[in-house]
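Tertiary structure, described
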Amino acid sequence: MNPRSFAPLLCALWVGLTGVAHAAEVRFQPVAPGVYAFIGEKSGRTYDNEGLNANIGLVVTPAGALLIDSGASLQGAQQIQAAVKKVTDQPVKWVINTGGQDHRWLGNGYFAAQGAEVIAHANAKADMLARGGDHLAALKTELKEKLDGTVPTLPTRWLAGHDETLNLGGTEVEVKHRGGAHTPGDLMVWLPQQKLVFSGDIVYVDRMLGVIPVSHTGRWLQSFAALEALQPARIVPGHGDVCELPKAQAQTRDYLQAMRAHMKQAVENGTDIGAAIKAFDAKPWQGLLNAAELHPGNASRTYLELERE
């Protein structure tokens, strides 16, 4: 067996030299036989981390490598490619985008140019088209010249159903979509042999999740329920450390359920949005990174979503 598969578990390291532009150092850690994950920084996008503040997956098959998400830029994709080469000599033959957020797909162009097939759910298409330019504008502020050469590149294969089983190099990969979560195209990649799921942004741990204008907390919970039904042994979340189901339930599911229940009652009672936000008990989740900054917006958007329902 390849001795590299016995490498110590490593989180992402971020290195730089004084006076020299920093570059993200992407390193994949083994999480199951033939399966690896890069654990991105839990904080926001920065010049030093090149927008790679999300987790990325790698599955090595006898016929090529599957990459789960492609990074936030052309240069970030190059960093990911270099990290893949430290794990396997197999080329990246397939890329699955788990959603429409920038660090899930803006590296597509690099891998497509290398001959990879890029796969996503059809529900992601409109979101990618609508927000690709906004992603670039926002990233330019942080990444500056590190964004040079990045062109939003759509997937080449769109999946349409709730569940699709792909045979990639003899490895069974199940893609599951339940209407989205953080973004409309959010999906999970289930490896039944390993009982491991790459959840994309359906699961956040260690840091507060983000409810953004394109999110839908009701469908998010439906997506989470589909993940629960798998009873995974391990979860590689969209953000945060590799975990087991109880942690994901406590930090993602329970928060969304509590917010929806509270805001539903507030809307039914005619409670003002400001008062409803103030009355919500967020104490169980205040220890999560970025909770103070993100929770008010999450609560506001959840209230407005329930108001529309």
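In short, a report on the structure. In this text the structure is predicted, and so the values were computed from the model without any measurement.

Observations concerning helix α6 (residues 245-269)
With 25 residues, α6 should reach 36 Å at 1.5 Å per residue; the first-to-last C-alpha distance of 34 Å fits that figure. Along its length, α6 shows its largest kink, about 35 degrees, at R253. Residues of α6 that are buried: L245, A248, Q249, Q251, T252, Y255, L256, M259, R260, M263 and A266. Residues of α6 that are buried sit in contact with β13 (196-204), α5 (217-230), β14 (234-239), α7 (273-279) and α8 (291-308). G270, located one to two residues past α6, shows a positive phi value of around 75 degrees.

What to know about the packing of α5 against α6
Two elements in contact, α5 and α6, have axes separated by 10 Å at closest approach and are oriented at 155 degrees. One element, α5, and the other, α6, form an angle in the roughly antiparallel class. Seen along the crossing, α5 lies across α6 with a hand that is left-handed. Packed against α5, whose contacting residues are T217, G218, W220, L221, F224, L227 and E228, the element α6 presents L245, A248, Q249, T252, R253, L256, Q257 and R260 at the interface.

Some words on the environment of Q81
Mapped onto the fold, Q81 is located in helix α1 (residues 74-85). Taking relative accessible area as the criterion, Q81 reaches 11% and is therefore assigned buried. Along the backbone, Q81 and V92 are 11 residues apart, and their C-alpha atoms lie at a distance of 8.0 Å.

The rules behind each value
Residues numbered from 1 in each chain as written. Predicted model: local features only at pLDDT ≥ 70, side-chain atom pairs only at ≥ 80, totals over all residues. Heavy atoms only, no water. Helix = DSSP H or I, 4+ residues; strand = E, 2+ residues; numbered from the N terminus. Expected span 1.5 Å × (residues − 1). Bend = angle between axes of the 7 residues up to and from the residue. Buried < 20%, exposed > 50% of the residue type's maximum accessible area, 1.4 Å probe, protein only. Contact = heavy atoms within 4.5 Å. Axes fitted to C-alpha atoms, helices over the stretch in contact; angles between N-to-C directions. Parallel < 35°, antiparallel > 145°, perpendicular 65-115°, else oblique. Left-handed = near helix turned anticlockwise from the far one by under 90°.

This is a description of form; function is not addressed.
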